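Residues per chain, in single letters:
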Amino acid sequence: MVGISGATGIAYGVRVLELARKAGVETHLVVTPAGQRTRAYETDLSARDLAALADVSHRPADVGAAIASGSFPTDGMIVAPCSVRTLSAIAFAGGDNLLTRAADVTLKERRRLVLMVRETPLTLTHLRAMTAVTEAGGIVMPPVPAFYLRPGTVEDIIDHTVGRSLDLLGIEVSELARWDGSAARRPNDEESHEASAQPA
């Protein structure tokens, strides 16, 4: 299951859907009204285009959908991006729409729930909500870039974060760049080292 709420960073949710499809995983999508507004601000996708990236797209008001029940088997859920409002609703069982209800079901069924919380700076109330979600079994995963892989584009940064979130659900992304224990050498590193070794 993939939830998209109204925080900035809808590119993360879009890429989750794309990479999950590439991995052969069926996806069920819920986008909140605020998430649709962010889609319009941050992408050229229509609501129909976004829905087409998932195998099944659900209306956020449809709390009777299959994914609202624990009897519907899933691997888990990613909310990308996850607004603080959505985080708080999940943390304190405020299942007022299908996204938060599905997340609550994920927790109660002891399945993986990954929340890409997009907010900074953080207040104490934000941190307490994160603590509550973590204590309930969820995983708070802010989309923090990994610069040790030397990303060349924004897409590289998004792909790595999304690939790691899918890892947490046991979904393998074959092209995900991974740390192998050695830093990549910049083209001029050797020349710089030789120059510094020359006597003054």
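Our structure is the block above this text.
Here is what the cut-offs are and how they apply
In every chain, residue numbers begin from 1 and rise along the written sequence. Thresholds applied to this predicted model are a pLDDT of at least 70 for local features of residues and 80 or more for the giving and counting of side-chain atom pairs; totals over whole chains, interfaces and linings are not thresholded and use all residues. Values shown for side chains rest on all heavy atoms present in the structure; no hydrogens or waters enter the calculation. Put simply, DSSP H or I for four residues or longer makes a helix, DSSP E for two residues or longer makes a strand, and each gets a number counted from the N terminus. The buried label goes to any residue with under 20% of its type's maximum accessible area, the exposed label to any with over 50%, and the partly exposed label to all in between, with areas taken from a 1.4 Å probe on protein chains only. A contact between two residues is defined here by any heavy atoms of the two lying within 4.5 Å. Like-charged residues are merged into a patch within 9 Å and nonpolar side chains (Val, Leu, Ile, Met, Phe, Trp, Tyr) within 5 Å, provided each residue has over 30% relative accessible area and no salt bridge. The accessible surface values rely on the Shrake-Rupley method and a 1.4 Å probe; as for residues, cover is taken only from the protein chains in view. Whenever Lys or Arg places a side-chain nitrogen within 4 Å of a carboxyl oxygen from Asp or Glu, that contact is recorded as a salt bridge. By definition, two strands form a pair when at least two bridges between them are found by DSSP. Crossover handedness is defined here as right-handed if the route from the first strand over the helix to the second strand goes clockwise, with the strands pointing away from the viewer.

(A) Main features of the overall build of the protein. Looking only at helices and strands, the protein has eight helices and six strands in total. Listed N to C, the secondary structure of the protein is β-α-β-α-α-β-β-α-α-β-α-β-α-α in terms of helices and strands. Based on the C-alpha atoms only, the size of the protein along its principal axes is roughly 75 × 35 × 30 Å. Taking all 200 residues of the protein together, the buried fraction comes to 42%. Across the protein, contacts joining residues at least 24 apart in sequence account for 76% of those joining residues at least 6 apart.

(B) Fine view of the environment of Arg178. Tracing the chain through its elements places Arg178 in the loop between α7 (154-167) and α8 (189-197). Residue Arg178 is classed as partly exposed on the basis of its relative accessible area, which comes to 46%. Between the alpha carbons of Arg178 and Arg85 there is a distance of 32 Å; along the sequence they are 93 residues apart.

(C) Layout of a nonpolar patch on the surface. Taken together, the side chains of Leu122, Leu124 and Leu127 present a nonpolar region at the surface, about 250 Å² in accessible area. In this fold, Leu124 is placed in helix α6 (residues 124-135).

(D) Main features of the pairing of strand β2 (residues 28-31). Because side chains alternate across β2, one face comprises the buried residues His28 and Val30, and the other comprises Leu29 and Val31, equally buried. Looking at chain direction, strand β1 (residues 2-4) and β2 are connected through three bridges and run parallel. Its bridge partner being in β2, Val2 is matched across the sheet by Leu29. In this region the chain leaves β1, passes through helix α1 (residues 10-22) and returns to the parallel neighbour β2; the handedness of that crossover is right-handed. Where β2 and strand β3 (residues 56-58) come together, three bridges link them in parallel fashion. When the bridges of β3 are listed, His28 appears paired with Val56.

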